[in-house]
Amino acid sequence: MTWLSDVISIFLQLGALLLLIGAIAGVVAVAIMYWKDTHQTKHAIRRNYPVIGRFRYFFEHVGEFFRQYFFALDREELPFNRAQRSWVYRAAKNVDSTVAFGSTRPLNQAGDIIFLNGLFPIMKEQARPSSDITFGEFSTRTPYTTNAIFNISGMSFGALSVPAIEALSQGAKRAGIWMNSGEGAFSPQHLQSGCDLVFQIGTAKYGVRNEDGSLNEEKLKAVAQYSQVKMFEVKLSQGAKPGKGGILPAEKVTSLIASTRGIPEGEASISPNGHPDIRSIDELLEFLMKVRTITGKPTGFKSVIGQTQWLDELCLAIHRLGPDYAPDFITIDSADGGTGAAPQSLIDYVGLPIKRSLPLVVDKLTEYGLKQRIKIIASGKLINPSDVAWALCVGADVVVSARGFMFALGCIQALQCNKNTCPTGITTHDPDLQKGLDPANKANRVFHFAQNLIHEVELIAHSCGVAEPRLLNQKHAQVIDSEGLPRPINYLTQAEVQLSKVETPTQKISSIQNKGHVSVETKPETVD
C-alpha cells in the first residue's frame, strides 16, 4: 500500500501548490483591482470602496433575476406580477388553476374592476359559445367572420424566433384564433400551420415595400392572395413606444429575417416614427381605402390613444366622405403594452393606458353612430380572464394579447428581449438558446392557454347572467374609484362629456349634411 500513500502525498502536494498559486494570483488580482479603483475617476463607489465596490454591479445585475423568486410578493411586480403570470402558466400547462382559502387581491384599489354577478346565473344547458362577429361586412369583397374573442397580437418575425413563431402559429390553428404578423411581415413559419392571419403594415411597410420604403401595390396584392390572410392592420403607433418606430438590433437581423423584411442582413432595422404618406385624417382614411380596394379584405388601423381631439375629426371625416371610408376596425393599444426594444421615456410616460382609452373610443364611436360600423380590438396587458371580460364589458369586440402568449411559450420575464440573450429561446436568434423551445410542445401550451382563458371568461359571463361573453356590457362591471368605492365603468368619460360638450355630435353631423356631404347613420347609439 506504499504506492497509495505516495499517490496521496503527491496529490496533496500538488493541491497545496495549486492553492498557493491560486492565492498568489488572487492577491495579485485584488491588488490590480485596488490600484485601478483608486486611480480611476469615473465611479465614486469604486474609488471610495476599492474592490468591494465592484460587487455593487454584480448584485445589481443578478438582483433582477432573483428578485421575483425570493423578495417580491405575489402582486407587486411589474410589468406582470407573479399572480398574473402564474395563472397563465397553469392555464398553458392545462393544470388545475383553482386557488384556496380566499382572494389575495385587495378589493379597494383605484382602477380595479369588479364584476356584478346576477341573482340567477346561467345554467349549463343555457350556455352557448361566443357568437360570430364579421369584419368588413359593409365594405369588402371578402369579409372575415370569426367567433374568437381572444387572439394573438402583433409580434414581429425578428423580434420573435423561428421556433416561437412556429409554436404560436400551430397553437393558433388548434385554438381557432387568429395570429397578427406584427410589422416584420410574415414568414413560411406563419403560413405552415394554416392559422388565420392578420397582416400588419408598419411604418416601414416590411413585406410590401419598395426600396424607398413606399407601398408596393403588387407585393400587397400578392400577400392578399393567401387565403389565410384575413385582414390588414395599418400600424400607426405601438403602446410601449408611441411616436417611435420598430427597433430590431443588428444581431437579430439574420438572412431569413432580412429576406422576409426586404432589408440588408446584419444591419439594425429601424422603422420610421410614422408613415410618410399618412400625415392627416383624410390621408389615413384614403390609405385604408386604398389597401382595402387592392386586397378586397377588411382593413383597419392600430394606435395608442393620447390626445383625443382626432377622434372627433376622424368620425366627422367619415360622415363627410361616406361610410366606405370608415376603417373596418380600430385596434387600441395600451400605454403599458409590450415591446422588444424601446426608449424608457416612452415606455414609462407616453400614452393612455387601455383602462382609460378603451372607454373613450367606445363612447366616441357610439356618440357618432359608428360603433356598429367600426369594430374595436383591445390590446395591451390583457392576459387574464378578468382583463378580457372587462374589455368586452366596456365595448371591445375582440381582445388580443402578445405577452400573454409569450408566457404561454415559457417566458420568465427575464427582460432580455432586446439583447438576443433570451434564456427561453423566444426572442433570440442564438441557435443554442433556441434549442430549449420545442415548437410542438409549446403549441400545445398556446392552445390550452387560449382555450382555458376563453373558458374562464365564459364563467364570468355566466355568473353575470348572460349566456356568452359577447353579451357582456357596461352594466355587468364597475370600477373602483379613488375613494375605494365601485362606480359605473364609464363614470369618468361621461362626466367629461357633460363638462366639455359645446356642440353635440348630432349637431356636428347635421352641419355636414347641410353642406351636401354624404353621411352614414346619424342616430346616436345607446349602451346598456
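Up top is the structure.
Residues numbered from 1 in each chain as written. Predicted model: local features only at pLDDT ≥ 70, side-chain atom pairs only at ≥ 80, totals over all residues. Heavy atoms only, no water.

Engineer: Which parts of the structure should I look at to understand the overall build of the chain?
Structural biologist: A tally of helices and strands in the chain yields 18 helices and 15 strands. Split into buried and exposed, the 528 residues of the chain put 49% on the buried side. For the chain, the accessible surface area stands at approximately 25400 Å², while carbon and sulfur atoms represent 57% of it. (Helix = DSSP H or I, 4+ residues; strand = E, 2+ residues; numbered from the N terminus. Buried < 20%, exposed > 50% of the residue type's maximum accessible area, 1.4 Å probe, protein only. Areas by Shrake-Rupley, 256 points an atom, 1.4 Å probe, with all protein chains shown as cover.)

Engineer: Help me understand a nonpolar patch on the surface in this model?
Structural biologist: A contiguous nonpolar patch, built from Ile10, Leu14, Leu17, Leu18, Leu20, Ile21, Ile24, Val28 and Ile32 and spanning about 850 Å² of accessible area, is present on the exposed surface. Along the polypeptide, Ile24 turns up in helix α1 (residues 2-39). Judged by relative accessible area, which is 48%, Ile24 ranks as partly exposed. (Patch = residues over 30% accessible without salt bridge, like charges linked within 9 Å, V, L, I, M, F, W, Y side chains within 5 Å. Salt bridge = Lys/Arg side-chain N within 4 Å of Asp/Glu carboxyl O.)

Engineer: Explanation requested: the pairing of strand β13 (residues 398-401) in the structure shown.
Structural biologist: Working note: regular strand, side chains alternate between the two faces of the sheet. Here β13 shows two buried faces, one formed by Val398 and Val400 and the other by Val399 and Ser401. Pairing between strand β4 (residues 150-152) and β13: three bridges, direction parallel. Bridge assignment links Asn151 to a residue of β13, and that residue is Val400. For the handedness criterion, the β-α-β arrangement of strand β12 (residues 375-379), helix α13 (residues 385-394) and β13 is classed as right-handed. (Pairing = 2+ DSSP bridges. Right-handed = clockwise from strand over helix to strand, strands pointing away.)

Engineer: For this particular structure, what's the right way to read the pattern of salt bridges?
Structural biologist: Tallying each qualifying case throughout the model produces 16 salt bridges. The partner of Glu217 in a salt bridge is Lys290, and the shortest N-O contact between them spans 3.3 Å. Here Glu217 is found in helix α7 (residues 217-224), whereas its partner Lys290 is found in helix α9 (residues 281-295), with 73 residues between them in sequence.

Engineer: When you look at the sheet that holds strand β14 (residues 477-480) in this model, what are you seeing that I'm missing?
Structural biologist: Strand pairing in a sheet takes place through backbone hydrogen bonds and is either antiparallel or parallel in direction. Read from one edge of the open sheet, three strands run β1-β14-β15, paired in antiparallel fashion. Single-partner strands in this sheet number two, and they are β1 (113-115) and β15 (486-488). This sheet shows a mean twist of 40° between the axes of neighbouring strands, independent of strand direction. Across three bridges, β14 lies against β15 in antiparallel orientation. By the bridge assignment, Gln478 is partnered in β15 with Pro488. (Axes fitted to C-alpha atoms, helices over the stretch in contact; angles between N-to-C directions.)

Engineer: I'm lost on the packing of aromatic side chains in this one. Help?
Structural biologist: What describes a pair of aromatic rings is the distance from one ring centre to the other and the angle between the planes of the rings. Tallied over the full model, the rule gives 14 aromatic pairs. On the basis of an interplanar angle of 85° and a centroid distance of 5.5 Å, the ring pair of Phe186 and Phe199 is categorised as edge-to-face. Taken together, the residues span a long stretch of sequence, with Phe186 in the loop between β5 (178-180) and α6 (188-191) and Phe199 in strand β6 (residues 196-201) at a distance of 13 residues. Of the two residues, Phe186 and Phe199, neither departs from the other in class, the shared state being buried. By way of ring pairs, the aromatic residues Trp87, Phe150, Phe405 and Phe449 are connected into one cluster. (Phe/Tyr/Trp six-rings, centres within 6.5 Å; stacked < 30°, edge-to-face > 60°.)

Engineer: Please explain the side chain of Asp397 as it appears in this structure.
Structural biologist: Within the element layout of this structure, Asp397 appears in the loop between α13 and β13. A polar side-chain atom of Asp397 sits 3.4 Å from a polar atom in the side chain of Lys371. Separated by 2.8 Å, the side chain of Asp397 and the backbone nitrogen of Ile376 make a polar contact. Excluding anything up to four places from it in sequence, Asp397 contacts Ile133, Lys371, Ile374, Lys375, Ile376, Leu392 and Arg470. (Polar contact = N/O pair within 3.5 Å; in protein donor to acceptor, adjacent residues only side chain to side chain. Contact = heavy atoms within 4.5 Å.)

Engineer: What is the right way to read unusual backbone geometry from this model?
Structural biologist: Excluding glycine, a negative phi dihedral is what most residues carry, and trans is how most peptide bonds are arranged. Positive phi, normally seen in glycine, also occurs at Leu415, with a value near 60°. Relative to the assigned elements, Leu415 resides in the loop between α14 (403-409) and α15 (431-434).

Engineer: Explanation requested: α13 in the structure shown.
Structural biologist: The periodicity of an α-helix, 3.6 residues per turn, causes residues three or four places apart in sequence to face the same way. Here α13 lies mainly inside the structure; nine of its ten residues are buried. By the burial criterion, the buried members of α13 are Pro385, Asp387, Val388, Ala389, Trp390, Ala391, Leu392, Cys393 and Val394.

Engineer: Can you walk me through the packing of helix α5 (residues 162-175) against helix α16 (residues 439-463) in this structure?
Structural biologist: In contact at an axis separation of 7 Å, α5 and α16 are set at 45° when each is read in the N-to-C sense. For the element pair α5 / α16, the angle class is oblique. Helix-helix and strand crossings are classified by hand; for α5 and α16 the assignment is right-handed. Contacts between α5 and α16 pair Pro163, Glu166, Ala167, Leu168, Gln170, Gly171, Ala172, Arg174 and Ala175 from the former with Pro439, Ala440, Lys442, Ala443, Asn444, Val446, Phe447, Ala450 and Gln451 from the latter. In terms of residue class, the contact of α5 with α16 is made up of eleven nonpolar, four polar and three charged. (Parallel < 35°, antiparallel > 145°, perpendicular 65-115°, else oblique. Left-handed = near helix turned anticlockwise from the far one by under 90°. Nonpolar A, V, L, I, M, F, W, Y, C, P; charged D, E, K, R; others polar.)

Engineer: Where do I start with α16 in this structure?
Structural biologist: Under the 1.5 Å per step criterion, the end-to-end length of α16 is 36 Å for 25 residues, consistent within 8% with the ideal 36 Å. Positive backbone phi, at 90°, marks Gly465, one or two positions downstream of α16. (Expected span 1.5 Å × (residues − 1).)

Engineer: Sorry, what's going on with the environment of Leu409 here?
Structural biologist: When you line up the elements, Leu409 lands in helix α14. Among the residues examined, Leu409 registers a relative accessible area of 1% and is labelled buried. Leu409 sits 35 residues away from Asn444 along the chain, and the two C-alpha atoms are 9.3 Å apart. The contact partners of Leu409, leaving out residues within four places of it in the chain, are Ala164, Ala167, Leu168, Ile426, Lys442 and Val446.

Engineer: Looking at this structure, I do not really get the environment of Asp333. What am I missing?
Structural biologist: Here Asp333 is to be found in strand β11 (residues 329-333). When the C-alpha atoms of Asp333 and Ala378 are compared, they prove to be 6.5 Å apart, with 45 residues separating the residues in sequence. Setting aside residues no more than four positions away along its own chain, Asp333 makes contact with Gln238, Gly239, Lys302, Ser303, Val304, Ile305, Leu352, Ser379 and Gly380. At a separation of 3.4 Å, a polar atom in the side chain of Asp333 contacts the side chain of Ser379.

Engineer: I tried to follow the nonpolar core on my own but got confused; where do I start?
Structural biologist: A general tendency of soluble globular proteins is for nonpolar side chains to be buried together. Core analysis: the biggest nonpolar cluster contains 108 residues, and Leu358 and Phe449 have the highest contact counts within it. Broken down by element, this core gets its largest block of residues, nine residues, from α16. Once residues within four sequence positions are removed from consideration, Leu358 is found in contact with Ile332, Ile376, Ala378, Trp390, Ala391, Val394 and Ala396. (Core = buried A, V, L, I, M, F, W, Y, C linked by side-chain atoms within 4.5 Å.)

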